[in-house]
Amino acid sequence: MEPAPSSTVSRWLHGYVVSKMSRLNVPGLSLTVMRSGELVEQRAYGYRSLEKSLPATPDTVYEIASITKVFTAVAIMQLVEKGVLSLDDPADKYLPIELRVKNEPVRIWHLLSHTSGIPALGYAEALLSSYFAMSRTWLPYSDPRHVLEWLEKGARHWAIASPGERFFYLNEGFVALGLIIERVSGLSYADYVERYIVKPLGLQNTTARFEEAQRHPLLATPYDSSQNPPKPMTLPSTIYADGGIYSSSTDLAKFMQALANRGRLGDAEILSKSSVEEMEKPRAKLPTQLFGDDSYGLGTIIYSGFPAGKLVGHSGSVYVYTGYAGYIADKGLSIGVLANADAAPRDIAMAVLAALGGADPEQLPFIKADKLLESLEGVYHGYMGTVKARVERLGDNLVLEMIEPRGGKAVLEPAKPITEMPFDHPVFLLRSGGRVLEVEFRVDPVKGVEMIYERYRLVKVAPLEAVEPKRSTIVLW
């Protein structure tokens, strides 16, 4: 398949983004795509501030959450190139703690690849959920160094695998990497990123300084989109090398363009070709798979089986800011997508890159799943309205609620992977008390949708009156 013309992508992109934002109740989103150093697409949707009626722009500034990890990895690789540390160095050589798992040292590359053997310690989740009044668990950490004690105890008491053996996403490990950067370079993390990444690449709206970001005239207000209307929120000021950088979609597309170009952007070189390739080398298979060979490198998520070519990048979420940035080096494509709520930005980025890279975005697994599951959501009536039910999506499952006669709720699981189901005849399973009931759907473009549930035939008569926005359950700082 040949790459689609930009105008074709623009029309498809507009409809897809608007639909996604509308469904998820997202106030604002910014998107920038580059190819071989040139802008291909640059759009903004909605508002960076609803209260002030200020529109989003491509240069609107958002916290980029876990996309920060790519910056941190680049900084570490720069220090490796300078010969002041090695990827094989024990991390505690540069830290005021002992960091050993199963009597083995946790090395720098283990932290970069989330293979320390320590399951997530949850400091990020506890900090954010308590800050947003979503939890009573409170960790009073206002300094990254406070996290080190938490990490040291976790290594002693919580680890279940030897270093290098298994993937466990560990925000605390990247906090430690930020402190290693400070120790080795003699600069604060924010100063280092600014001097050796931001300024050389000419990133105009990128900073690791919270106070500077809060003063930026184009800063987007973060929102809790599960509220209607979306509720403005505040964030803690101490998010660090695991997720604390602020940037724009324009700057992220440029940053990713430099990595796609093997460390160079124009006359600037932030890394050597060999260092970029080291970051892209798979170190651990991801527990959640999209394309069958998804893996984690050094501060990067790698989709080797992406239909338009190997996609490298990172997603990020702190609930009220989300983003994705990535690149396809073989196509010279890079992208930055940022939003001020939970907007599934990775899906948007992948759809755009697929279209621009010559693949059919409609065949991406999450888009196929979305189309099928959304077609099944709705209010269903039996014969003459004697029986009524409500069907709503929950991830890749459906929730069936009997309205009349009242019968509670049940979760319907797909009988086989969503992407393998026939669109016109999907079957789901209701499991209860050791029994399994098949719930059959029939989808006809003319007649509509009907459901065969136990003894009943029910016909979809209306869409859902209100679909609650779905918040991500995984925090990828």
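Residues numbered from 1 in each chain as written. Predicted model: local features only at pLDDT ≥ 70, side-chain atom pairs only at ≥ 80, totals over all residues. Heavy atoms only, no water.

Residue-level account of the pattern of salt bridges, with values.
Pairing between side chains of opposite charge can happen when the charged atoms of each approach one another. Using the criterion set out here, one finds 29 salt bridges in the structure. When the shortest N-O distance is used, the salt bridge between Arg 145 and Glu 182 registers 3.1 Å. Taken together, the residues span a long stretch of sequence, with Arg 145 in helix α5 (residues 144-157) and Glu 182 in helix α6 (residues 171-185) at a distance of 37 residues. Where Arg 431 meets Glu 413, a salt bridge forms, and the shortest distance between an N and an O atom there is 3.0 Å. Here the residue Arg 431 occupies a position in strand β22 (residues 427-432), and Glu 413 occupies one in strand β21 (residues 409-414), the gap between them amounting to 18 residues. (Salt bridge = Lys/Arg side-chain N within 4 Å of Asp/Glu carboxyl O. Helix = DSSP H or I, 4+ residues; strand = E, 2+ residues; numbered from the N terminus.)

Describe α6, listing the residues and the values that go with them.
Compared with the 21 Å implied by 1.5 Å per residue over 15 residues, the 21 Å span of α6 between its first and last C-alpha is a close match. Of all 15 residues in α6, 12 are buried; the element is thus mostly enclosed. By the burial criterion, the buried members of α6 are Asn 171, Glu 172, Gly 173, Phe 174, Val 175, Ala 176, Leu 177, Gly 178, Leu 179, Ile 180, Ile 181 and Glu 182. On its buried side, α6 packs onto α2 (68-81), α3 (108-112), α4 (123-131), α5, α7 (189-201) and β13 (294-296). (Expected span 1.5 Å × (residues − 1). Buried < 20%, exposed > 50% of the residue type's maximum accessible area, 1.4 Å probe, protein only. Contact = heavy atoms within 4.5 Å.)

Outline the environment of Ser 19, supporting the account with residue identities and numerical values.
For Ser 19, the location among the structural elements is in helix α1 (residues 6-24). Relative accessible area serves as the criterion here: at 44%, Ser 19 is assigned to the partly exposed category. Separated by 397 residues in sequence, Ser 19 and Lys 416 have C-alpha atoms that sit 27 Å apart.

Account for the sheet that holds strand β25 (residues 456-462), with residues named and values stated.
Spatially, the 8 strands close up into a barrel ordered β18-β19-β20-β21-β22-β23-β24-β25, and their pairing is antiparallel. When the angles between neighbouring strand axes are averaged without regard to direction, this sheet yields 30°. Pairing geometry for strand β20 (residues 397-404) and β21, over 4 bridges, is antiparallel. When the bridges of β21 are listed, Glu 401 appears paired with Lys 409. Of the strands in this sheet, β18 (378-381), β19 (388-394), β20, β22, β23 (435-444), β24 (448-453) and β25 are in contact with helix α12 (residues 365-376), which crosses β19 at around 160°. (Pairing = 2+ DSSP bridges. Axes fitted to C-alpha atoms, helices over the stretch in contact; angles between N-to-C directions.)

Lay out the layout of surface pockets with the relevant residues and their values.
There is about 300 Å³ of room inside the second largest pocket. Residue lining of the second largest pocket: 18 residues in total, with Ala 208, Phe 210, Ser 237, Ile 239 and Tyr 240 positioned closest to the centre. Elements that contribute at least two residues to the lining of the second largest pocket include exactly α7 and α8 (210-214). Tallied by class, residues from the lining of the second largest pocket come to 9 nonpolar, 5 polar and 4 charged. (1 Å grid on protein atoms, 1.4 Å probe; cavity = no way out; pocket = protein on both sides within 12 Å on 5 of 7 lines; lining within 4 Å. Points joined across faces, edges and corners; volume = space filled by probe spheres on them. Nonpolar A, V, L, I, M, F, W, Y, C, P; charged D, E, K, R; others polar.)

Which residues make up the nonpolar core, and what values go with them?
Ranked by internal contacts, the top residues of the largest apolar core, which has 130 residues, are Leu 29, Phe 71, Phe 255 and Phe 306. Residue contacts for Phe 306: discarding those within four places in its chain leaves Phe 291, Leu 311, Ile 328, Met 350, Leu 353, Ala 354 and Leu 364. In terms of nonpolar packing, the next biggest core, distinct from the first, is built from 23 residues, Leu 398, Leu 412, Met 421 and Met 451 among them. (Core = buried A, V, L, I, M, F, W, Y, C linked by side-chain atoms within 4.5 Å.)

Report on the side chain of Asn 171, specifying residues and quantitative values.
Residue position: Asn 171 is located in helix α6. Asn 171 sits in the buried class, given a relative accessible area of 4%. A distance of 2.8 Å separates a polar atom in the side chain of Asn 171 from a polar atom in the side chain of Lys 69. (Polar contact = N/O pair within 3.5 Å; in protein donor to acceptor, adjacent residues only side chain to side chain.)

Could you give an account of the packing of aromatic side chains, with specific residues and numbers?
Applying the stated criterion across every chain, the model contains 11 aromatic pairs. Considering the side-chain rings of Tyr 62 and Tyr 321, the 6.4 Å spacing of their centres and the 85° angle between planes classify their relative orientation as edge-to-face. Here the residue Tyr 62 occupies a position in strand β4 (residues 62-63), and Tyr 321 occupies one in the loop between β15 (311-317) and β16 (322-328), the gap between them amounting to 259 residues. Lying over the aromatic face of Phe 174, Lys 69 brings its terminal NZ or CZ to 5.5 Å of the ring centre. Lying across the ring of Tyr 196, Lys 82 places its NZ or CZ 3.8 Å from the centre. (Phe/Tyr/Trp six-rings, centres within 6.5 Å; stacked < 30°, edge-to-face > 60°. Lys NZ or Arg CZ within 6 Å of the ring centre and 35° of its normal.)

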